[in-house]
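Coordinates in review
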Amino acid sequence: TAQQEARLTEALANVSKPSVYLAGNSSMLSTAGDAMYQSDMIRLAGGVNAAGEISDPYWVEISYEQLLAWDPAYIILASDAAYTVEDVLTDPNLADCSAVINGNVRQLPSKAEAWDSPVPSGILGAVWLANVLHPDLFTDADFAFLKDKHISLISMDCTNGILDMKYIGTLGKIKYLSQEEIFGY
C-alpha cells in the first residue's frame, strides 16, 4: 500500500544501497532489467538492480561472465525458482561472486503469489527484501506486522485447528489456501 511504500522510502532515504541481482524462476541466469517491476521492488527495498543497465521490458538471459562482472552484493531468487539457494551457493561458476562468498543468497518467500510480481501482496516482497538488505533498520517484527495486517484483509476460517484462507487473486479468482501455502510455514 502507499503507506508501506512511504515508510520504506523514508526509512531508506540516506542508506547505502547494495547491488542486488534478482534471478528469474526458470534460470539463475535469467534476470529483470530496469524497465521491469522487479527493479522497482529492489529500489523500494533500498537496493540497486545489478542488471539495471538492461532496458528490455522482459526477462533476459545473461552469461556467468556478465553476472561476475556486475558482482552483486546479494543474489535473490524468485519465489517460484526451479533451483535452490544451495544450487547457487555451490555453483563453481559463481565462486568469485561477492554474494556467494558472503552467503548473501536468499529466495523470496511466498507460495500463494510471487512477491516479485505486480500483485496485491507485492509490497510484502519489498518489505522482506528491505529486511534482508538493511537488517539494522527493519526487524522481523516489522515484517510480521505487515503480514498480519495483510492477512486481516483475507477472510479466514479455522475449523478443527486447520487454518484456511479465502484469497482473492489478481484475476478475481477465489482460491482456498492454507497458511503454509501462503507464507511457506
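Refer to the structure above for everything that follows.
To keep things clear, this report deals only with the structure shown in the data block. (Residues numbered from 1 in each chain as written. Predicted model: local features only at pLDDT ≥ 70, side-chain atom pairs only at ≥ 80, totals over all residues. Heavy atoms only, no water.)

Attention shifts here to the pattern of salt bridges. Within the structure shown, the criterion is met by two salt bridges. Notably, a salt bridge pairs D34 with R43, separated by 2.7 Å at the nearest N-O pair. Residue class for D34 comes out partly exposed when judged on its relative accessible area of 33%. Across the pair R43 and D40 runs a salt bridge whose closest N-O atoms are separated by 2.4 Å. Placement of the pair is R43 and D40 together in helix α2 (residues 37-44), with a separation of three residues, close to one helical turn. Overall, the relative accessible area of 39% leaves R43 in the partly exposed class. Taking relative accessible area as the criterion, D40 reaches 40% and is therefore assigned partly exposed. (Salt bridge = Lys/Arg side-chain N within 4 Å of Asp/Glu carboxyl O. Buried < 20%, exposed > 50% of the residue type's maximum accessible area, 1.4 Å probe, protein only. Helix = DSSP H or I, 4+ residues; strand = E, 2+ residues; numbered from the N terminus.)

Bringing the environment of A6 into the picture now. Considering the arrangement of structural elements, one finds A6 in helix α1 (residues 2-11). Residue A6 is classed as partly exposed on the basis of its relative accessible area, which comes to 44%. Residues A6 and L44, spaced 38 residues apart in sequence, show a C-alpha to C-alpha distance of 9.3 Å.

Scope: geometric values only; no functional claims are made or implied.
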